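The primary structure of each chain is shown beneath.
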Amino acid sequence: MPGLDALGALSVLKDKASGIFRSNVRYEEFEMPHKNLQDVQPTLGYAKGEGLPRSPESPPEPERPPLRHIDKYIAPECPCLSKRYTIAMLTCAGFIISFGMRCNMGMAKLKIFGEPTKTHHHGNHSHPDEPKEDDDEVHFNWSVGMESAVDSSFFWGYLVTQVPGGFLASKYPANRVFGTAIACSSFLNLLVPGATMLHPMAVILVRVLQGLVEGVTYPACHGIWRYWAPPLERSRLATIAFCGSYAGVVVGMPLSGMLIASFSWQAPFYFYGVVGLLWYLVWLWLSFERPSKHPTISGRELMYIEQSIGTTTQAALPTIATTPWRAFFTSMPVYAIIVANFCRSWNFYLLVLFQASYLLHNFHLQIEETGFIGALPHLLMTVIVPCGGLLADHIRKKGIMSTTNVRKIFNCGGFGMEAVFFIVVAYARSAFTATLALTFGVAFSGFAISGFNVNHLDIAPRYASILMGMSNGIGTIAGLICPIAIDYITYNQTHESWKHVFLLAATVHFIGVTFYAIYASGELQPWAEPESEEKKPWDPLEGAKPQWDPMESAITSPPEKLPPTNPFAQPAPTNPFKAQMLNYGSMDQGPGGQFGYSNHIMTEAVQPESKDSYMHDPQAY
């Protein structure tokens, strides 16, 4: 039948243009036993809530990579979770392990150096300023300066690999970079007890190496979402992953304390090291670089993700030479993210490192009490961060606000409220008031994660991992400066000095709020588009035709080249040689369906150039 032959040619043309189905799609997969046009035409649309064409038979499946040996026995999937949310939960678990390891040394020091005011276990009383002569303690006679060097050594390495981590996540599969970093850090964690027994310089060396490998985790995480996060799910997927950093502190401190109390000071290092290596095995089994490389992903989820992201992931990966460094350093939205990250890091490290000391010296709480109270704000933030991501995506999906306004309101509102509560803390005269203000302040700051921390993917998804490395590197500098400044301010440990600390923290946040409110953006930046995207299709009136590109030809072929007997042919546009430009971001609600298919040609406009609406049907998946 001529009509069915035309339908087969049209289907193959669509497959070439979309880049989702491979060349092994057969014509007979599209042959349908319909006798008239009314029976055939509805199959070209999309069913409500479906990501695949309607057909009496099952739709053609994309070409999948071969199953690995383990996949033949256990499918790489988690029950009740889609593949992209499986990646999010595993990434969250990786961050829990990563930040839990950072709590090990701080808790172990309470045991190996003892408490100066307590007596010996053998019944001998010591001077209050002398350390307790414990079996674990006789090997450690570190000076105060050496202790500070050990504490900060992790950040020396962590700062170095932030930007290189972004390039590693661009050049190599980001999921492998992230998993390998956690695995290497877990292995190094197993070496810390032995290094501690040798010499403090050995501990510094191990912790510097830990910082080096963990410095790539945040950039690699953004590299993962470059392929896996649909635009209208970026906030929720990213915040699910990032809340693991706060949950890691909540779990790490009490768990390390219990392990030390039940076994020895070495126990948390061995525990987290083994758990991290076991997590890596699960990560290798369940994580894949991109949806098209997952052997068991459903056709619906694959099409939903790839059609939502559009052609962003098809461009060549950036290198040092092709990265628009000049555009980075002249873009105010980039500076807005960097300033916000610095302000957030300043106050995060302030609470992690000095909150217990503040409660101890101002309100004379017990060490055990300060530990549990210190974990309370981070526990609440662990819940607030993913909830904020869901709310941000909901507002954007419903079109209530543009992405730019959502990012500004969440970021500035979160930072602004935390700054207000820090002022309350500065003038608090009771432990209850201070604790309540700290808890609410940190809880509000959880909404800011849906602002600046996801903003990299909005303005430049192609360079998100590199931008994350830059902004997180600047944030690490805040982590190095903050302890020095606060140690200087609180030298005498007076209430007045701690008031200045929290007033300074509030000022830092107000500066960040002002800068981000003025310069932040949620729009795709012009310099973030690859060069191939910026070229216009060939127009015979403008000059010679460029070198032939088979992919471009499949997209921009004039309608009159299709078989003249095609019953679905639509009137040709005024200029048939003009094709719609491909952009980044989301999907086009074209006249032929939810993903932009039409009856004569497929265009894939994925984000309007001057708008911030993604035009995504919330019921598409």
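Residues numbered from 1 in each chain as written. Predicted model: local features only at pLDDT ≥ 70, side-chain atom pairs only at ≥ 80, totals over all residues. Heavy atoms only, no water.

## Examining helix α16 (residues 403-426)
Argument step 1. Spanning 24 residues, α16 covers 34 Å between terminal C-alpha atoms, matching the ideal 34 Å at 1.5 Å per step.
Argument step 2. Counting buried positions along α16 gives 17 out of 24 residues, so the element sits mostly inside the fold. (Helix = DSSP H or I, 4+ residues; strand = E, 2+ residues; numbered from the N terminus. Expected span 1.5 Å × (residues − 1). Buried < 20%, exposed > 50% of the residue type's maximum accessible area, 1.4 Å probe, protein only.)

## Re a nonpolar patch on the surface
Argument step 1. A cluster of nonpolar side chains, namely Val420, Ile423, Tyr427 and Phe510, defines an oily patch on the protein surface of about 340 Å² accessible area.
Argument step 2. For Val420, the location among the structural elements is in helix α16. (Patch = residues over 30% accessible without salt bridge, like charges linked within 9 Å, V, L, I, M, F, W, Y side chains within 5 Å. Areas by Shrake-Rupley, 256 points an atom, 1.4 Å probe, with all protein chains shown as cover. Salt bridge = Lys/Arg side-chain N within 4 Å of Asp/Glu carboxyl O.)

## As for the environment of Lys397
Argument step 1. Along the chain, Lys397 turns up in helix α15 (residues 367-397).
Argument step 2. When its relative accessible area of 23% is taken as the criterion, Lys397 is described as partly exposed.
Argument step 3. In this structure, the C-alpha to C-alpha distance between Lys397 and Glu233, residues 164 residues apart in sequence, is 9.1 Å.

## Some remarks on unusual backbone geometry
Argument step 1. Positioned with a positive phi, Cys80 is a non-glycine residue whose angle comes to about 65°.
Argument step 2. One can find Cys80 in the loop between α2 (37-40) and α3 (83-102).

## Topic: the packing of aromatic side chains
Argument step 1. Within the structure shown, the criterion is met by 31 aromatic pairs.
Argument step 2. Pairing Trp325 with Phe328 gives two aromatic rings, centres 5.7 Å apart and planes at 80°, and the pair type is edge-to-face. Highlighted residues: Trp325 and Phe328, both in helix α13 (residues 325-329), separated by three residues, approximately one helical turn.
Argument step 3. Taking relative accessible area as the criterion, Phe328 reaches 1% and is therefore assigned buried.
Argument step 4. Their ring planes at 70° and their centres at 5.5 Å tell us that Phe348 and Tyr349 sit as a pair that is edge-to-face.
Argument step 5. Residue classification places Phe348 among the buried positions, given a relative accessible area of 10%.
Argument step 6. Here a set of aromatic residues connected by ring pairs shows up, and it is made of Phe95, Phe178, Tyr218, Phe242, Trp279 and Trp283.
Argument step 7. Looking at Arg102, its charged tip hangs above the ring of Tyr158, at a distance of 4.9 Å from the centre. (Phe/Tyr/Trp six-rings, centres within 6.5 Å; stacked < 30°, edge-to-face > 60°. Lys NZ or Arg CZ within 6 Å of the ring centre and 35° of its normal.)

## Overview of the packing of helix α7 (residues 174-198) against helix α11 (residues 267-286)
Argument step 1. Viewed as axis vectors pointing N to C, α7 and α11 meet at an angle of 160°, and their least axial separation amounts to 8 Å. Put simply, α7 runs roughly antiparallel to α11. α7 and α11 meet at a crossing whose hand is left-handed.
Argument step 2. For the contact of α7 with α11, a count of residues per class yields 17 nonpolar, seven polar and one charged. (Axes fitted to C-alpha atoms, helices over the stretch in contact; angles between N-to-C directions. Parallel < 35°, antiparallel > 145°, perpendicular 65-115°, else oblique. Left-handed = near helix turned anticlockwise from the far one by under 90°. Nonpolar A, V, L, I, M, F, W, Y, C, P; charged D, E, K, R; others polar.)

## Some details on the pattern of salt bridges
Argument step 1. According to the stated counting rule, one finds 13 salt bridges in the structure shown.
Argument step 2. Note that Glu418 and Arg344 form a salt bridge whose closest N and O atoms lie 3.5 Å from each other. Residue Glu418 is located in helix α16, and its partner Arg344 is located in helix α14 (residues 332-363); the two are separated by 74 residues in the primary sequence. The exposure classification of Glu418 matches that of Arg344, with both residues buried.
Argument step 3. We note a salt bridge from Asp393 to Arg396, for which the minimum N-O separation is 3.0 Å. Note that Asp393 and Arg396 are positioned in helix α15 at a spacing of three residues, about one turn of the helix.

## Comments concerning the environment of Cys343
Argument step 1. Looking at where Cys343 falls in the secondary structure, it is placed in helix α14.
Argument step 2. When the C-alpha positions of Cys343 and Gly475 are compared, they lie 7.5 Å apart, and in sequence the two are 132 residues distant.

## Observations concerning the nonpolar core
Argument step 1. Ranked by internal contacts, the top residues of the largest apolar core, which has 93 residues, are Trp225, Trp228, Tyr358 and Phe502.
Argument step 2. No other element matches α14, which puts twelve residues into this core.
Argument step 3. If near-sequence neighbours (up to four positions away) are discounted, Tyr358 is found in contact with Phe363, Val425, Ala428, Ala434, Leu438, Trp498 and Phe502.
Argument step 4. Listed in part, the 16 residues of the second largest apolar core include Val150, Ala195, Val208 and Ile260. (Core = buried A, V, L, I, M, F, W, Y, C linked by side-chain atoms within 4.5 Å. Contact = heavy atoms within 4.5 Å.)

## Regarding the packing of α3 against α7
Helix packing for two helices is described by the angle between their axes and how far apart those axes are.
Argument step 1. Two elements in contact, α3 and α7, have axes separated by 10 Å at closest approach and are oriented at 30°. It follows that α3 is roughly parallel to α7 by the angle criterion. Crossing angle aside, the handedness with which α3 passes α7 is left-handed. For the pair α3 and α7, the contacting residues are Thr91, Gly94, Phe95, Ile97, Ser98 and Met101 in the first and Phe178, Ile182, Ser185, Ser186 and Asn189 in the second.

## A word on the state of the cysteines
What we call a disulfide is simply a covalent bond connecting the sulfur atoms of a pair of cysteines.
Argument step 1. Counting across every chain of the model gives zero disulfides.
Argument step 2. Unpaired in terms of disulfides, Cys92 finds its nearest cysteine sulfur in Cys243, a separation of 3.9 Å.
Argument step 3. Looking at Cys92, the relative accessible area reads 9%, which means it is buried. (Disulfide = S-S within 2.5 Å.)

## What about the confidence of the model for the chain?
Argument step 1. Per-residue pLDDT for the chain has a mean of 74; in total, 68% of the residues score no lower than 70.
Argument step 2. Across the chain, the element-wise mean pLDDT spans from 36 in α2 up to 95 in α11.
Argument step 3. Note on residues 532-569: pLDDT under 50 across the span, and 60 contacts to partners over four residues away in sequence or across chains. (pLDDT = per-residue confidence, 0-100.)

## Some thoughts on α11
Argument step 1. For α11, built from 20 residues, the straight-helix expectation of 28 Å at 1.5 Å per residue is met to within 8% by its first-to-last C-alpha distance of 29 Å.
Argument step 2. All buried positions along α11 are accounted for by Ala267, Pro268, Phe269, Tyr272, Gly273, Gly276, Trp279, Tyr280, Trp283 and Leu286.

## What to know about the side chain of Asn362
Argument step 1. Structurally, the position occupied by Asn362 is in helix α14.
Argument step 2. Engagement of the side chain of Asn362 in a polar contact is seen with the side chain of His495, the distance being 2.7 Å. (Polar contact = N/O pair within 3.5 Å; in protein donor to acceptor, adjacent residues only side chain to side chain.)

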